[in-house]
Amino acid sequence: MEILKKDSFKVIGIKVRTTNENGQAAKDIGELWNRFMSENVGANIPNKVNESILSIYTNYESDHTKPYDTILGCIVSSLDEIPEGMVGHEFNQSNYVPFKAQGNLSEGVVYSKWTEIWNQDLDRTYSGDFEVYGEKAQDPTNAEVEIFIAVK
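This report concerns the structure included in the present document. This structure is a prediction, so every number in the text was calculated from the model and none was measured. (Residues numbered from 1 in each chain as written. Predicted model: local features only at pLDDT ≥ 70, side-chain atom pairs only at ≥ 80, totals over all residues. Heavy atoms only, no water.)

## Considering the pattern of salt bridges
When charged atoms on two side chains of opposite charge get close, those side chains can pair.
Alright, step 1. For the coordinates displayed, the defined rule picks out 10 salt bridges.
Alright, step 2. Residues D69 and R17 are paired through a salt bridge, measuring 3.1 Å at the closest nitrogen-oxygen approach. On the criterion of sequence distance, the pair formed by D69 in strand β4 (residues 68-76) and R17 in strand β2 (residues 9-18) is long-range, its members being 52 residues apart.
Alright, step 3. Residue R17 is classed as partly exposed on the basis of its relative accessible area, which comes to 40%.
Alright, step 4. The salt bridge involving E116 is made with K113; its shortest N-O contact spans 3.3 Å. With E116 and K113 both in helix α2 (residues 109-118) and 3 residues apart, the pair spans about one turn of that helix.
Alright, step 5. Take K113: its relative accessible area is 17%, and that puts it in the buried class.
Alright, step 6. Linked through salt bridges whose partners overlap, the residues forming this network are K15, R17 and D69. (Salt bridge = Lys/Arg side-chain N within 4 Å of Asp/Glu carboxyl O. Helix = DSSP H or I, 4+ residues; strand = E, 2+ residues; numbered from the N terminus. Buried < 20%, exposed > 50% of the residue type's maximum accessible area, 1.4 Å probe, protein only.)

## So, the sheet that holds strand β1 (residues 4-6)
Alright, step 1. The 8 strands lie next to each other as β1-β6-β8-β7-β3-β4-β2-β5, forming an open sheet whose pairing is antiparallel. Two strands in the sheet have a free side with no partner beyond their single neighbour: β1 and β5 (87-91). Strand after strand, the sheet turns through a mean of 35° between neighbouring axes, direction not considered.
Alright, step 2. In this sheet, β4 lies alongside strand β3 (residues 53-58) in antiparallel orientation, the contact comprising 5 bridges. (Pairing = 2+ DSSP bridges. Axes fitted to C-alpha atoms, helices over the stretch in contact; angles between N-to-C directions.)

Here you go:
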């Protein structure tokens, strides 16, 4: 299994507290994405280092079966200027196991990959896992989304 070391990074975006119980995360994260797109949140994030959108899972109560925060945002060079209604968060350098979800986003390819991840025996830290929606995710019918799982 490949393990990558990623440097610390800062993110500004919008946040929701959710849980995977009873399908709540699918509802909450779907609404967060709708808000991100309809309010053009990405265009209002200052100091972006690129146009990729990150969906980050952090502040886990314990593991993926308990409540956690989802932040939808972009990597930034500074947290000095956080717009009203948004949050800023810094993630420390960490080790990650990379995964890729490929296919039609509307057919749940990302969720399917998460189901696969949850069933693997990974030594997870539950500090900050994230998906990257970059250039290869521009075509939602044939997208490639990178997923990084923080491990010890």
